[in-house]
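Coordinate analysis (summary)
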Amino acid sequence: MHELTLPLSDEAVRRLKVSDPVTLSGVMVTGRDAVHKWIIDTFVKKTRQPQGDDLAVYDAIRPLLNGSVIYHCGPVVAGLEQRDYRFVAAGPTTSIREEPYQGDVMRHFHIKGVIGKGGMGPKTLAACQEVPGVYLHAIGGAASLIAQTVTRVLAVYKLDFGVPEAMWVIEVKNFPAVVTMDSHGGSLHAVIEERSKQVLADLLAQP
């Protein structure tokens, strides 16, 4: 078990290999479809001009993401009316939707880890090798258990995107995950995909 404290150093990331179990403690940020598209359009490709609180939010999240991780998570949050935020459920969402954006977001903010479920593709794997970074597979179906590792909600940005799509800044302790894509080009998801294709081909070839 690798007990990791955020933010992560390059050396800590390079030590991680596919199949390594880890726990994370420190500050991370959630982000899903709306957040990734907003970052790419506004600050990476710059196809839209910053509007409203865009620049203020960017300035706030940049140091938080540097060396840390982004969590593909649409949480269930209590205390919204009182702004006494508490995570009730914090399970991972499917990551592949962010494949068009994730590598560029990792490079832009120097993000060391991406947490989600289901794995990602070659663009993200290339970024993991360059930044360096890792993809961490969280446990699907364990949303309430994972929420218990969230010790505090420190801030929320872009709440106008909706609760699941907002950027929640959370402090976690002993958040469990498994490395399934590493900084050395290893991807458990690619291996399983190739094996599955071979099994399917063998089945189809049977008389």
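Every value quoted in this text rests on a predicted model; they were computed, and no experiment measured them.

**Remarks on the packing of helix α2 (residues 33-44) against helix α4 (residues 99-109)**
Where α2 meets α4, the axes come as close as 10 Å, and the angle between the chain directions of the two elements is 60°. Judged on the interaxial angle alone, α4 and α2 are oblique. Considering only the axes of α2 and α4, their crossing is left-handed. Counted together, His36, Lys37, Ile39, Ile40, Phe43 and Val44 of α2 and Tyr101, Gln102, Asp104, Val105, His108 and Phe109 of α4 form the full contact between these two elements. Looking at side-chain class alone, the contact of α2 with α4 contains 7 nonpolar, 3 polar and 2 charged residues.

**Some remarks on unusual backbone geometry**
The peptide bond linking Leu6 to Pro7 adopts the cis configuration, its omega dihedral lying at 0°. Relative to the assigned elements, Pro7 resides in the loop between β1 (2-5) and α1 (10-15). In this structure, Lys158 takes a positive phi of about 60° despite not being glycine. Within the secondary structure layout, Lys158 lies in the loop between β8 (150-157) and β9 (167-181). Exposure remark for Lys158: the relative accessible area of 6% places this residue in the buried category. For Asn174, which is not a glycine, the phi torsion comes out positive at approximately 60°. By secondary structure assignment, the location of Asn174 is in strand β9.

**A few points about the side chain of Arg32**
As for its placement among the helices and strands, Arg32 is situated in the loop between β2 (21-30) and α2. Given the relative accessible area of 16%, Arg32 is considered buried. Side-chain polar atoms of Arg32 contact the side chain of Glu165, separated by 3.1 Å. Residues in contact with Arg32, not counting those within four places in the same chain, are His72, Cys73, Gly74, Thr93, Arg97, Glu98, Pro164 and Glu165.

**Describing the side chain of Asp20**
Mapped onto the fold, Asp20 is located in the loop between α1 and β2. Buried and unpaired, Asp20 has Lys17 as its nearest opposite-charge partner, separated by 7.0 Å. Within the structure, Asp20 has its side chain in polar contact with the backbone nitrogen of Lys17 (distance 2.8 Å). With near-sequence residues (within four places) excluded, Asp20 lies in contact with His2, Arg15, Ala177, Val178 and Val179.

What counts and how
Residues numbered from 1 in each chain as written. Predicted model: local features only at pLDDT ≥ 70, side-chain atom pairs only at ≥ 80, totals over all residues. Heavy atoms only, no water. Axes fitted to C-alpha atoms, helices over the stretch in contact; angles between N-to-C directions. Helix = DSSP H or I, 4+ residues; strand = E, 2+ residues; numbered from the N terminus. Parallel < 35°, antiparallel > 145°, perpendicular 65-115°, else oblique. Left-handed = near helix turned anticlockwise from the far one by under 90°. Contact = heavy atoms within 4.5 Å. Nonpolar A, V, L, I, M, F, W, Y, C, P; charged D, E, K, R; others polar. Buried < 20%, exposed > 50% of the residue type's maximum accessible area, 1.4 Å probe, protein only. Polar contact = N/O pair within 3.5 Å; in protein donor to acceptor, adjacent residues only side chain to side chain. Lys, Arg positive; Asp, Glu negative; His and termini not counted. Salt bridge = Lys/Arg side-chain N within 4 Å of Asp/Glu carboxyl O.

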